[in-house]
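Inside the fold
Spelled out from the first residue to the last, the chains are:
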Amino acid sequence: MLTIEEIRELIKIVDESSLDEFTYETNGAKVKMKKDTQYHEGYTIYQPVQTDEKTQEQMSVETMPVQSDSKQTETGESSKKETTSDYDHEIVSPMVGTFYAAPNPESDPYVKVGSEVQSESIVCIVEAMKLFNEIEAEVTGEVVEIMVEDGELVEYGQPLFRVKTT
Amino acid sequence: MQSTRNKLIEILSNNQETYISGQLISERLNISRSAIWKHMRELEKDGYVIEGKPKRGYRILEFPKKISENTLKWGLETEWIAKTIIHKPETTSTQHIAHQLAQEGASHGTIVIADEQTKGKGRMNRKWHSSKNEGIWMSIILRPAIPPHKAPQLTLLTATVLADVIMKETNIKPYIKWPNDIIIHNKKMSGILTEMQAEQDQVQYIIIGIGMNVNQDIKSLHKEIHTKATSLKMEADKEFDIRYLVQKILQQFEKTYELYLQKGFPVIKTKWESYGFRIGEKILIKTMNHEWKATFSGIDHDGGLLVRNLDDGKMEKLYSAEIDWFRENS
């Protein structure tokens, strides 16, 4: 979770960067920063930070409920599941890119809910700029939840799978 | 053995105008006359043509065109790349072999090269037609000390390397279709497939697969790709020495890679944009849920695609999308 210090730090970083806008979203909370700048070349980059999702942060910066788009239901669901689904490890994306559940469209997915994985099992591919990154489980256990859809764009640090380690 | 043979080739190639006596070679390499003769026989197997005249000595007449570990190493001016070369006359896919070798601990700079691939691999296991002795089918194993999220930059880097070599050797200007296809006259001539094994913050290894059509005629290109693919020979109207091209690519790769490590991506970006395909033009972008038109503005400081949305005029950065580059502007 983000502390006031971390938010201050973020503001500082964003301030010094060429970013126009910065959005950070976690369970039910969203931080959005926007600069009043004359740059016409500005663009948006998302850079989610991985945090402990269990506590809802009270933020002094603009905090608002997530808009009622598809993300809300997802986030809502996953937070509900948090209390029920039994996991102790999240496999996160090491980079921004497209998530592929299978090596190619004709194949079965690498893993399904219930699959047993070893630390070196490949669980998915994340592709960015045509670099295909085979993601390993890095833990031994059972996949209890798949948090993204095949073909979905994922962010750096975004959780992809939840695993109950053994 | 290997170094003796390389030295022998060096001596012979430095004396191409005249004969060099067996005696002199024997002294320079500190081996017997019969050992020299054995080495000569081996060189002939690799495709060297060597003339031996009694009382005058030896002279090299022809260098091999075919690829082998020996012929690739000779004359290759690199510090670390291709110090280990695995050459296969025929294989399923060099990517496949390279993955196995990397998992067994193959070192940074190891290359796998084949005369022919029976299951050449493209993106998402799409097939790549890799016919015998007509193209470059090669994989480079790298173990770079860069964070995984920067690794995609290496695919753009590799594209600039290929473009530089093509430009220099043919005088034809190639274009790079983001992120890394080489295009000449709107047809694909070369593709790059980069695969990585990484942990959250550390790259285990990266394999850069290069497929380049070199000496194919229209006949030897598969029918279904006639309208989309081309070769160096078809564009430049002459045959190319594949061994020579591979060496040029490896040398240029090493040079560019070192430059990248020292100076970062900006130097690569500038080079890339000088070859950029359709910069400033309209393209159609597709992701899983959307399809939209945009103007391709260039690439960002990290290699991402910068496009200006035609609907709202906003600049966006993309790392992954299907792009329709060839649709007519509308």
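Calculation notes
Residues numbered from 1 in each chain as written. Chains lettered and ligands numbered in written order. Predicted model: local features only at pLDDT ≥ 70, side-chain atom pairs only at ≥ 80, totals over all residues. Heavy atoms only, no water. Helix = DSSP H or I, 4+ residues; strand = E, 2+ residues; numbered from the N terminus. Buried < 20%, exposed > 50% of the residue type's maximum accessible area, 1.4 Å probe, protein only. Contact = heavy atoms within 4.5 Å. Areas by Shrake-Rupley, 256 points an atom, 1.4 Å probe, with all protein chains shown as cover. Domains from an automatic or database assignment. Buried area = accessible area lost by both parts, 1.4 Å probe. Polar contact = N/O pair within 3.5 Å; in protein donor to acceptor, adjacent residues only side chain to side chain. Salt bridge = Lys/Arg side-chain N within 4 Å of Asp/Glu carboxyl O. Nonpolar A, V, L, I, M, F, W, Y, C, P; charged D, E, K, R; others polar. Pairing = 2+ DSSP bridges. Axes fitted to C-alpha atoms, helices over the stretch in contact; angles between N-to-C directions. Parallel < 35°, antiparallel > 145°, perpendicular 65-115°, else oblique. Left-handed = near helix turned anticlockwise from the far one by under 90°. UniProt positions renumbered as here; feature names shortened; annotations may be inferred.

Across its full length, chain A carries two helices and eleven strands. From first element to last, N terminus to C terminus, chain A shows the α and β order α-β-β-β-α-β-β-β-β-β-β-β-β. Looking at chain A as a whole, 43% of its 166 residues qualify as buried. Summarising the internal contacts of chain A: among those between residues at least 6 apart in sequence, 63% fall at separations of at least 24. Carbon and sulfur atoms form 48% of the exposed surface of chain A, whose accessible area is close to 9,100 Å².

We now examine the domain arrangement of chain B. Residues and elements named next belong to chain B. Along its sequence, chain B is carved into domain 1 (4-62), domain 2 (69-275) and domain 3 (282-325). For domain 2 versus domain 3, the separation of C-alpha centres amounts to 26 Å. Contacts between domain 2 and domain 3 engage ten residues on the former and 15 residues on the latter. Summed over both partners, the interface of domain 2 with domain 3 comes to about 930 Å²; 63% of that surface belongs to carbon and sulfur atoms. At the junction of domain 2 and domain 3, the tally comes to four residue pairs in polar contact (both at pLDDT 80 or more).

By a widely used convention, the size of an interface equals the accessible area lost when the partners come together. Facing the 36 residues of chain A at the interface are 39 residues of chain B. Interface area, chain A with chain B, both sides summed: about 3,000 Å², of which 56% is carbon and sulfur. Counting across the interface, chain A meets chain B through one salt bridge. Salt-bridge contacts for B:Asp181 lead to A:Lys130; the nearest nitrogen and oxygen are separated by 3.2 Å. Summed over the shared surface of chain A and chain B, the number is nine residue pairs in polar contact (both at pLDDT 80 or more). Those elements that provide at least two residues to the side of chain A that touches chain B are β5 (97-100), β7 (122-128) and β8 (131-136) of chain A. A per-element tally of the side of chain A that touches chain B places β8(A) first, with five residues. Looking at side-chain class alone, the side of chain A that touches chain B contains 17 nonpolar, nine polar and ten charged residues. Sheet topology places β8(A) next to strand β8 (residues 187-198) of chain B; five bridges connect them, and they run parallel.

Attention now moves to the packing of helix α6 (residues 153-170) of chain B against helix α9 (residues 265-275) of chain B. Residue and element names in this part refer to chain B. For the pair α6 and α9, the least separation of the axes is 9 Å and the interaxial angle reads 50°. One way to sum up the angle between α6 and α9 is to call them oblique. α9 is crossed by α6, and the crossing has left-handed handedness. Judged by residue contacts, Gln153, Leu156, Leu157, Thr160, Ala163, Asp164 and Met167 of α6 engage Phe265, Ile268, Lys271, Trp272 and Tyr275 from α9.

Another aspect to go through is the UniProt feature "binding site: biotin" (unreviewed entry) in chain B. Residues and elements named next belong to chain B. Mapped onto this numbering, the UniProt entry annotates "binding site: biotin" (unreviewed entry) at Gln117 and Lys188. On the secondary structure map, Gln117 appears in strand β4 (residues 111-117). Excluding its chain neighbours within four sequence positions, the residues that come into contact with Gln117 are Thr91, Thr92, Ser93, Thr94, Ser130 and Trp137. In this structure the side chain of Gln117 is engaged in a polar contact, spanning 2.8 Å, whose partner is the backbone nitrogen of Thr94. Along the chain, Lys188 turns up in strand β8. What makes Lys188 partly exposed here is its relative accessible area of 25%. Polar contacts involving the side chain of Lys188 include one to the side chain of Asp181, which spans 3.3 Å.

A few words now on unusual backbone geometry. All names here are of chain B. Cis peptide bonds are those with omega within 30 degrees of zero, and the linkage from Trp178 to Pro179 qualifies with -5°. Tracing the chain through its elements places Pro179 in the loop between β6 (175-177) and β7 (181-184). One non-glycine residue, His185, adopts positive backbone phi at about 50°. Counting through the fold element by element, His185 comes out in the loop between β7 and β8. The residue Asp237 is not glycine, and still its phi comes out positive at about 65°. On the secondary structure map, Asp237 appears in the loop between α7 (232-236) and α8 (242-263).

Our focus in this paragraph is the UniProt feature "domain: Lipoyl-binding" (unreviewed entry) in chain A. According to UniProt, the positions carrying the feature "domain: Lipoyl-binding" (unreviewed entry) are residues 88-164 of chain A. Span residues 88-164 of chain A is 0% helix and 48% strand, its end C-alpha atoms 5 Å apart.

On to the sheet that holds strand β10 (residues 282-286) of chain B, then. Residue and element names in this part refer to chain B. Spatially, the five strands line up as an open sheet ordered β13-β12-β11-β10-β14, and their pairing is antiparallel. At either end of the open sheet lies a strand with only one pairing partner, and these are β13 (315-318) and β14 (322-324). Each adjacent strand pair in this sheet contributes to an overall mean axis angle of 45°, direction not counted. Relative to strand β12 (residues 305-309), strand β11 (residues 291-299) runs antiparallel, the two sharing five bridges.

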